[in-house]
Amino acid sequence: MLQETALTNTKAENKSLNGSELLLQALEKEKVEVIFGYPGGAVLPIYDKIYDSKILHVLPRHEQGGIHAAEGYARITGKPGVVIVTSGPGATNIVTGLTDAMIDSLPLVVFTGQVATGVIGTDAFQEADILGITTPITKYNYQVRNIEDIPHIIKEAFYIATSGRPGPVLIDIPRDIATAVTEVPEEREIYLPGYQPTLKPNYLQIRKLTEAVSRAKKPVILAGAGVLHSKASCQLKEYAEQQNIPVVHTLLGLGGFPAEHELSLGMAGMHGCYTANMALYESDLLINIGARFDDRLTGNLKHFAPNATVAHIDIDPAEIGKNVPTEIPVVADAKEALIELIAQEGKPPSHHEWLKTLAGWKIEYPYVYENNANTLKPQKVLEMLYQKTNGEAIVVTDVGQHQMWAAQYYRFGKANRWVTSGGLGTMGFGLPASIGAALADKDATVLAVLGDGGFQMCTQELAVIRELNLPIKIVILNNVALGMVRQWQELFYEERYSHSKNPVQPSFVKLAEAYNIKGYVIESEAKAEEVLAEVLQNREPVLLDFRIDANENVYPMIAPGKGINEMVGVKQK
Amino acid sequence: MKRIITLTVNNRPGVLNRITNLFSKRNYNIESITVGHSEIEDVSRITCVVNVENDQVIEQITKQLNKQIDVLKVTDISEQSIVARELALIKVLSTPNTRSEMNALIEPFRASIVDVGKDTLVIQITGESDKIEAFIELMKPYGIKELARTGATAFLRGTQRSSNQVKNISIV
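Residues numbered from 1 in each chain as written. Chains lettered and ligands numbered in written order. Predicted model: local features only at pLDDT ≥ 70, side-chain atom pairs only at ≥ 80, totals over all residues. Heavy atoms only, no water.

- Under an unreviewed UniProt entry, the name given to chain B is Acetolactate synthase small subunit, and the organism recorded is Robertmurraya siralis.
- Taken verbatim from the UniProt record of chain B, the Subunit (unreviewed entry) comment is "Dimer of large and small chains."
- For the record of chain B, the UniProt heading Function (unreviewed entry) holds the text "Catalyzes the conversion of 2 pyruvate molecules into acetolactate in the first common step of the biosynthetic pathway of the branched-amino acids such as leucine, isoleucine, and valine." (UniProt positions renumbered as here; feature names shortened; annotations may be inferred.)

- You'll find chain A entered in an unreviewed UniProt entry as Acetolactate synthase, with Robertmurraya siralis given as the organism.
- UniProt, in its Sequence similarities (unreviewed entry) section for chain A, records the words "Belongs to the TPP enzyme family."

Structure follows, in structure tokens:
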């Protein structure tokens, strides 16, 4: 008798749900805090259920803004950013964001609506072959064909997005699947025989690396974003200190190792500092941890670390040996590999000369600019921002000169304070990404450092900042130009400034005011002091239009095709 | 150089797209690709013949393929002892005068005539790609009207004379 009651109870619990309800249930199960989404025809059934959901829904003013916001959120939290958009144009509007997330290894779970299964392939209204479009720019993608699969696919998608080398996963949901009704299906275990990321390093390679370190005279660690993805900055610090090895950063890896640390050499690459680039060039042992030897880092491969034994720790075996021949390959999660390396307690290298040389370079060749009382220098603005936020703000950038200045002059003390579009170099990324970053860390002050060009690519998201009252300080380094394009035209195209200078600009302050956000035009250091003192005290959004020296260039620079040792614009202090 | 790669993959919509996409995205050159069911349900076998410049490229190809979630196994079998077969259908002009002459060519190649028309023959030939190439060359003078080739499909022979085994034997 008792048994029978129990049976009926389970049956009653096993009630019928429609596809949209299953979807939201699965998102709750994954502890999703925020959805960045934009409604439309094909996702109306899903939006009808979002209406009742407890999960925060943020409405960007363009799907592109939505996915960049999700990227900002993912970058800070390490959790997948969740995006829901409608079929057709909604789906195609997120293509840039997916590509950006793919190349910078950011975990996203993206839902796209789709026309009903019966009309797929008939060029129905708002139909787009989003699976076909997104195959090369997603880690994986699905189209749900059976409603019963929804919970399992979502579970799998979250696992794939966050495990191994993170990346975006897309789930396409036909409209009829979202409305179909089924009994809640039984939970299944994830079984992916073709996907088994290697986390633990091979012991022999770890030994080999430890021995190479003990013999090295000029060792250097190159720390990439892999250190951040695997939350290994503590281990990196411990290992670098144990072995006394200096650390160079990639653009995306900034924050993985404290910038003020004695062993930190700063950022390498096209606009990296002299010490970092020369350290890579001169080194006899290069330990790459979670970087992918991108061409903007290496410069001409012929001149890249010509004397170094290369060790490469990466969770993605395909990255090892892709661009730079590698003697010591370690396929592993960065944290696991570092823990193993620390445990070896290998003999530290005897390399006092090397450390002395590097320390000398650091003093002799820092980033320099000529400050001038008549103009406002962008570098000065970033130095002020760094000091006034005690280096603790989250800095989100767009792409271009301002991005490089931010990377050079904002000295990150800890991990996950830096959000930028690295691999793809997506203009328009900064403003929406700052929204995601602000939602990810509600206590932080967020500096959205933008150029006047990139700001205008996603200006509409000011509405979201106002709506959610986010403490985002929008810093526009306004040179009334597409600065990086202008710089290249100056250097490589005989100063023929084709479409890069003096575009007609709205008043950014008035634009901000239209969204009920306070704005300031800042033309001098004195004014900057005054305004920053005021606006960094409160938690209000604000727009700061810094009128910077329009002729300022980013230096040092490695010209395209040149080696990492052929920097121009290096000045002695 | 030509390399033969075999893959086993989950038989799921979009898999072939993902794989061919990868080849074009990474700028690799596929010479032929064949797909079909394998001995395991829901698992397909793909055989790719690729033309690469050096070993580094083939290493990248196998690594990139391996990274795909639906790819279960990737093997570069070029260096191993394999069975590789391709099928070609050749529609060739044939008059009563040339027919017996053609028959004399078909026989040693163990090809077969699968259709006879008023002035054409359809010849089916299977074998390794080189053999098919050679046969096509022989048929050219008669006038090839249409040609269809499947591309190579291949797997390992039952017994391998791997370098490991050879070494073991020599030590013993």
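### With respect to the overall build of chain A
Then, number 1: The helix and strand tally for chain A stands at 24 helices and 22 strands.
Then, number 2: The C-alpha radius of gyration of chain A comes to 25 Å, within 12% of the 25 Å expected for a compact globule of 573 residues.
Then, number 3: Principal-axis analysis of the C-alpha atoms gives chain A an extent of 85 × 60 × 45 Å.
Then, number 4: Across the 573 residues that make up chain A, the buried fraction comes to 58%.
Then, number 5: Restricting to contacts in chain A with at least 6 residues of sequence separation, those with at least 24 account for 76%.
Then, number 6: When the accessible surface of chain A is totalled, it reaches about 23,300 Å², and 51% of it is carbon and sulfur.
Then, number 7: Here chain A holds 51 positive side-chain charges and 66 negative ones, and the gap between their average locations is 4 Å. (Helix = DSSP H or I, 4+ residues; strand = E, 2+ residues; numbered from the N terminus. Rg over C-alpha atoms; globule rule 2.2 N^0.38 Å. Buried < 20%, exposed > 50% of the residue type's maximum accessible area, 1.4 Å probe, protein only. Contact = heavy atoms within 4.5 Å. Areas by Shrake-Rupley, 256 points an atom, 1.4 Å probe, with all protein chains shown as cover. Lys, Arg positive; Asp, Glu negative; His and termini not counted. Charge placed at Lys NZ, Arg CZ, Asp CG, Glu CD.)

### Notes on the packing of helix H12 (residues 233–243) of chain A against helix H15 (residues 334–344) of chain A
Residue and element names in this part refer to chain A.
Then, number 1: Interhelical geometry of H12 versus H15 gives an angle of 30 degrees and a closest axis separation of 9 Å. Judged by the inter-axis angle, H12 sits roughly parallel to H15. By crossing handedness, the relation of H12 to H15 is classed as left-handed. Here Gln235, Leu236, Glu238, Tyr239 and Gln242 of H12 lie close against H15, whose contacting residues are Lys335, Leu338, Ile339, Leu341 and Ile342.
Then, number 2: Of the residues assigned to the contact of H12 with H15, the class counts are six nonpolar, two polar and two charged. (Axes fitted to C-alpha atoms, helices over the stretch in contact; angles between N-to-C directions. Parallel < 35°, antiparallel > 145°, perpendicular 65-115°, else oblique. Left-handed = near helix turned anticlockwise from the far one by under 90°. Nonpolar A, V, L, I, M, F, W, Y, C, P; charged D, E, K, R; others polar.)

### Description of the domain arrangement of chain B
Residues and elements named next belong to chain B.
Then, number 1: The domains assigned to chain B are domain 1 (2–76) and domain 2 (83–154).
Then, number 2: Across the contact, eight residues belong to domain 1 and five residues belong to domain 2.
Then, number 3: Buried surface at the junction of domain 1 and domain 2, both sides included, amounts to about 460 Å², of which 55% is carbon and sulfur.
Then, number 4: Where domain 1 touches domain 2, the interface holds zero salt bridges. (Domains from an automatic or database assignment. Buried area = accessible area lost by both parts, 1.4 Å probe. Salt bridge = Lys/Arg side-chain N within 4 Å of Asp/Glu carboxyl O.)

### Observations regarding the domain arrangement of chain A
One widely used convention gives an interface's size as the accessible area the parts lose upon coming together.
Residue and element names in this part refer to chain A.
Then, number 1: Annotation of chain A at the domain level lists domain 1 (18–183), domain 2 (203–364) and domain 3 (378–551).
Then, number 2: Between domain 2 and domain 3, the residue contacts involve 15 residues of the former and 18 residues of the latter.
Then, number 3: Summing both sides of the interface, domain 2 and domain 3 together bury roughly 1,300 Å²; the carbon and sulfur share of this comes to 61%.
Then, number 4: Among the residues domain 2 hides against domain 3, the three largest losses belong to Leu251, Leu254 and His271. Together they make up 39% of the total.
Then, number 5: Linking domain 2 with domain 3 are one salt bridge.
Then, number 6: Measuring nitrogen to oxygen at the nearest pair gives 3.0 Å for the salt bridge that ties Glu260 to Arg411.
Then, number 7: The interface formed by domain 2 and domain 3 holds seven residue pairs in polar contact (both at pLDDT 80 or more) in total. (Polar contact = N/O pair within 3.5 Å; in protein donor to acceptor, adjacent residues only side chain to side chain.)

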